[in-house]
Structures are given as C-alpha cells and as structure tokens.
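Structural characterization, general
Okay, here's what each chain looks like letter by letter:
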Amino acid sequence: MAVYGYKICGFARTERYNEAVKYLDKRLKDYEKQGEQFEEDGSVSVKYIKTHEDGSAFEVSVKKDVTESSVMVFSDVPIKAFKKGGLFFYLRDILPVILINAVYYVGFELFLSYSASVLGNANIYSYSSLLTLAAFFGLFCIIFNCVTYVMLKENRTMFRISLIQFGAPVTALHLMYFFTRLFAGWGILTVFSKILLTPLPAICFGTMLYGLCVRRFITK
C-alpha cells in the first residue's frame, strides 16, 4: 500500500491528470511505466514501478477518479512537488504571463512612440487618436492571442489559456489601480485619459473579441 497520497485536483480533470503524467514521465525515468488502466465508470490510472535487485519495488500511480471526483497521486516515496496539491502545475504559467505582459507593455510603448514620431505629439495624444491606436493595437492582440494559443494549448483549459493571454494578474491589478483612483480624487475623464496611455484598452478589446469570435474557429 502506498505510503504517500497527494490530492492534486478536487475534480476529475483530464488537464490535471495529463500534467501529472507528463511530470512523472520526466521525473521517474528509472521507473517502468505501465499501460493506462480504464474502469467502467470512466476512471483512468497509470502506474510507475521500480524493481530492486532484492525483489522489492517502489510504485507511483496517478488516478483520475470519476466516482470520487478527484485526481490523486499515490507513491511509496515522497514527491515534494505535490505537497501543496496541484499548485505546483501553475508554476509553468508564470513565464508565459511575464513574456506576454512584456510584449504588451513594451510593444505598446514602441507603437505609441512610433505613432507620435509620425503624427506628432500634439495629434497623437487626442482622445480620437488614442482610441484609434488602441483599436489597432487590439488587432495586434487578437493575432498575438492566436499565436500564443498554439503555444499554450497543451494540457491547459481554454479558461486558463485566456487568463494567461489576458496578462493576469498584472492586467487585473492595473485595472484595479485605475478603479481605485476614482476614489482618490481623480475624475472619470482623467482616469479614462490615463488608461488610454496604457495597453489596457487594447488588451481588453483584443482578448474579448478573440474570445467571442476568433477562438471559435481555431479551437475546432
């Protein structure tokens, strides 16, 4: 009987099961991976076995349990990565979020600077010009989301991919900052003009339009 048990998901999610299997494939290279076992209720499990010269064996198994609605890992040896459950798997989302936000913010600043050099500072900072630039940058965000979807789709739900593409939590915190400014003496027009000088309108517009329209076709 396994000494350690780790509940890495409170639902029988295929995404989390596949992530656990892929991680163990890399970590347990000296183990023999058994074929997947399927049960009548739709549950599925896979085992990894390491046999020693004295006949003893270590076993690690992953199970997506439909009846109990969970994804569990049972092991004869401790697995530090699973001590906090499935929280470990979200670490792979950190780098994409950082890179996507870098593209958004650096790209928008370069786009704004280039537009200002072409149109002139006096014209670029009008409401109409900033809204137009936000729309153009929003189209870039749509294309960028299509590209990043292909890179992020492995073992991630669409909701999780959308959060990464939205730049969360950076985008969410940035929006929250401007919302709190309404209670700190800034007027609505001031907040609106400040927001237009950030990639936030383009990110929101691009992500929303991508989610409502484009994603329907590229995910089929």
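The text that follows walks through the structure, step by step, so that each part is easy to find. (Residues numbered from 1 in each chain as written. Predicted model: local features only at pLDDT ≥ 70, side-chain atom pairs only at ≥ 80, totals over all residues. Heavy atoms only, no water.)

**Looking at the pairing of strand β4 (residues 44-51)**
What counts is decided by this rule: In this description, strands pair whenever DSSP reports at least two bridges between them. Secondary structure elements follow DSSP: runs of H or I no shorter than four residues count as helices, runs of E no shorter than two count as strands, and numbering proceeds from the N terminus.
Pairing between strand β2 (residues 32-33) and β4: two bridges, direction antiparallel. Its bridge partner being in β4, E32 is matched across the sheet by I49. With two bridges joining them, strand β3 (residues 37-38) and β4 adopt antiparallel strand pairing. Among the inter-strand pairings, F38 is bridged to a residue of β4, identified as V44. Between β3 and β4, which follow one another and run antiparallel, lie five residues, and G42 among them has a positive phi close to 100°. Here eight bridges tie β4 to strand β5 (residues 57-65), and the two strands are oriented antiparallel to one another. If you follow S45 over to β5, its bridge partner there is K63. Between the antiparallel neighbours β4 and β5 lie five residues, among them G55 with a positive phi of about 95°.

**Side note on the packing of aromatic side chains**
This is how the line gets drawn: The criterion for an aromatic pair is that two Phe, Tyr or Trp rings (for Trp, the six-membered ring) have centres within 6.5 Å, with stacked assigned to planes under 30 degrees apart, edge-to-face to planes over 60 apart and tilted to the rest. We call a residue buried when its accessible area falls under 20% of the maximum for its residue type, exposed when it is over 50%, and partly exposed in between, using a 1.4 Å probe and counting protein chains only. Only Lys NZ and Arg CZ are tested; either one counts as a charge over a ring when it is within 6 Å of the ring centre and within 35 degrees of the ring normal.
Taken as a whole and judged by the stated rule, the model has 16 aromatic pairs. Look at F137 and F140: their rings are 5.2 Å apart centre to centre, the planes differ by 35°, and that puts the pair in the tilted class. Of this pair, F137 and F140 both sit in helix α4 (residues 127-152), three residues apart, roughly one helical turn. A ring pair is formed by Y177 and F178, whose centres lie 5.3 Å apart and whose planes are at 70°; its orientation type is edge-to-face. What makes F178 buried here is its relative accessible area of 5%. Taken together, the ring pairs connect Y4, Y6, Y23, F82, F88 and F89 into an aromatic cluster. It is R181 that lies over the ring of W186; its NZ or CZ is 5.8 Å from the centre. Taking NZ or CZ as reference, K194 lies 5.9 Å from the ring centre of W186, over its face.

**Quick word on unusual backbone geometry**
P169 follows A168 through a cis peptide bond whose omega is 0°. Following the sequence through the fold, P169 ends up in the loop between α5 (158-166) and α6 (170-181). Of note in this structure, S69 is not a glycine but carries a positive phi near 55°. With respect to the helices, strands and loops of the structure, S69 is situated in the loop between β5 and β6 (70-75). A positive phi angle, near 55°, is found at N155, a position not held by glycine. Note that N155 resides in the loop between α4 and α5.

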